[in-house]
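Structural overview for review
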Amino acid sequence: MAIIEAQGLKKTYSSKSGPVPALDGMDLSVPQGTVKALLGPNGAGKTTVVKILTTLIQPTAGTAHIDGIDVVRDPKAARRIIGVSGQYSAVDENLTGFENLDMVGRLYHLGARESRRRAQELIDQFELTEAGNRPVKGFSGGMRRRIDLAGALVINPKILFLDEPTTGLDPRSRLSLWGIIKELVRDGTTLLLTTQYLEEADQLSDDITVIDGGRAIAEGTADQLKAQIGGHRVVVSLVDAADAASAREILGRHGSGDPVVGGDGRSIEVTVNEGPRALQYILSELGERGIELHDAGMRRPSLDDVFLQLTGHRAEDTEEASHQKEPAA
Amino acid sequence: MSVLAPNDRQPDNQHSRPAGAGAPQQPSDVSMWFSDGWTVTKRNLIKLKRSPDMLVFAVLQPIMFVLLFSQIYGGSIQVEGSDYTQYLMAGIFAQTVIFGSTFSGSAMAQDLKDGIIDRFRTLPMSSSAVLVGRTNSDLVLNTLSVVIMMGTGALVGWRVNTSPASMVAGIGLLLLFSYAFSWVMALLGMSVKSPEVINNASFMILFPLTFISNAFVQAQNLPGPLETFANWNPVSALVQAVRELFGNTGTVPVPDAWPMQNAVLTVLVGAILMLVIFVPLCIRKFASISSR
């Protein structure tokens, strides 16, 4: 049995306008010692899954086990083996970094001496010295996230849950947090991570479950998912919109789908199977026809593309998703 | 209320755990209850120490109330059978500790908003520890208020006219009632959407409750229905009980209503009832709350 095993999870919230389903038959299975990313847009149900598995809420239907423990029936036993870091830092602003971690240690019942020792160890390890002896209040979002993450690691948990660990962080803090997480999972902690960034799932996980509308809609490694939605995309930007029709025709011949013309009428994009070669051909044909380009390149599929392909609609949070787009190769 | 005893010592388990070994062996439920309750109490007290505005509020407000009411109304309000300062003090004590208890509500709501409750709820701690810690630290705050008010009261001529034992009983009754009321407020705090709601709601409810009582004036001087309300108001019972225990009743007649005639008993029963009802409700509520 996998260390995290959920079947048919349903969760319905009641609201003024009637019941709102947050999960609608979600299945999830994570083998021990692996990193699973739950990838989906805002409102897909990612956080609800984490909240159920970490005993914060009870499912309306379905079962969930971690390490063989039924999280609904025996939440206390489940809490002894998990570490959780949420989307919003659950740190006490008035306590110092050290006091926060020390308190968590005591509440895991490590005892006073061990709690202090472990708190200090984490402060050193996470380079939190600055925040160690001053109330957390005055520190940046990145620093709080690190303290919160350290709080999840006080007991070296058997299973670690990270709910959107880098949402809202600047790129530098994001990279630094990725480094820390990679380090963590190297020694075999099982990690369930939720994210809306394909790149993040790609960087950190062994396996991805794509979630939308409260259920799993695809599963596989990052490469498998990308292959499934058609590998690379070639993007060209024309100097003259009048060339659009002929350029479109050329892209169409080398692409594996219909080319899409952007709103400005000058940028055209197509999914291709073999990125570099298709780009070469397309560029040389465009050159032969004398079509001038502002820009041309290749990009890997984004979460938006994954969603468009899998669900027929875009990831709702387009602003977040745009972060994802990689620069032309 | 004995949970304030520090209980830092824990059975020292072997802690050299390799990664993934999980938490150490768990202590017994009772020692867990004590140590977790104390850990959260300590956290709340540190918070208090670091929020000077809260401390100033807790220290200055009682002083201000005692001085304002005794010096301003002292000359204008006549109470047949007692000097007004002697009569008034129990009323101010009661009002202050009751308002002090509302902090339990707004602090729970704030913790919920800040997300720290989610952290607590994923830890293998005693299920009542957060609530015990909350109400304990507010008890500490209320104790501080009572001591300050009694000191200030003494400066303006207020005296305890009974035995030390009776005085301690009076203080105990004030704190017991406010402690029990903290649990009522904690439940409210977990049920509202934002801490501001608690603050506004408690003013709306507690001002009438404390003013339509015998705290500042005699109930007999209130118009008909208000007089009846005042005589059956639990705040009046608390004030009357404390007045009796401090020996501040003078020759003021006791209204002919059961709670007034049996004030100490009424407060004891009322406080125990509040605890019996609201402690389990709070623990149940806590097991299902989650930030956002």
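Residues numbered from 1 in each chain as written. Chains lettered and ligands numbered in written order. Predicted model: local features only at pLDDT ≥ 70, side-chain atom pairs only at ≥ 80, totals over all residues.

1. Considering the sheet that holds strand β9 (residues 207-212) of chain A
Residue and element names in this part refer to chain A. Here six strands make up an open sheet; going across it, the order is β6-β7-β8-β3-β9-β10 and the pairing mixed. The two strands at the open ends of the sheet, each matched to only one other strand, are β6 (82-85) and β10 (215-220). Neighbouring strand axes in the sheet, compared pairwise and without regard to direction, differ in orientation by 15 degrees on average. Taken together, the five bridges between β9 and β10 define a ladder with antiparallel strand orientation. Residue pairing in the sheet places V210 in a bridge with A218 of β10. (Pairing = 2+ DSSP bridges. Helix = DSSP H or I, 4+ residues; strand = E, 2+ residues; numbered from the N terminus. Axes fitted to C-alpha atoms, helices over the stretch in contact; angles between N-to-C directions.)

2. So, the confidence of the model for chain A
All names here are of chain A. When the pLDDT values of chain A are averaged, the result is 85; 92% of them are 70 or greater. Per-element mean pLDDT across chain A ranges from 39 in helix α13 (residues 318-323) up to 96 in strand β5 (residues 69-70). Predicted confidence for residues 316-329 stays below pLDDT 50, and this span has 28 contacts to residues more than four positions away or in other chains. (pLDDT = per-residue confidence, 0-100. Contact = placed C-beta atoms within 7 Å.)

3. Quick word on the pairing of β6 of chain A
Residue and element names in this part refer to chain A. Of the two faces of β6, the one carrying I82 and V84 and the one carrying G83 and S85 are both buried. Summarising the sheet, β6 and strand β7 (residues 159-163) pair through four bridges and their orientation is parallel. Within the sheet, the bridge partner assigned to S85 lies in β7 and is L162. (Buried ≥ 20, exposed ≤ 12 C-beta atoms within 10 Å, placed from the backbone.)

4. Some details on the interface of chain B and chain A
Accessible area lost upon the coming together of the parts serves often as the stated size of an interface. Contacts between the two partners involve 34 residues from chain B, matched on the other side by 38 residues from chain A. Put simply, the parts of the chain that give the side of chain B that touches chain A at least two residues each are α1 (29-50) and α4 (116-121) of chain B. It is α1 of chain B that contributes the most residues to the side of chain B that touches chain A, eight residues altogether. When its residues are assigned to classes, the side of chain B that touches chain A shows 11 nonpolar, 12 polar and 11 charged. (Nonpolar A, V, L, I, M, F, W, Y, C, P; charged D, E, K, R; others polar.)

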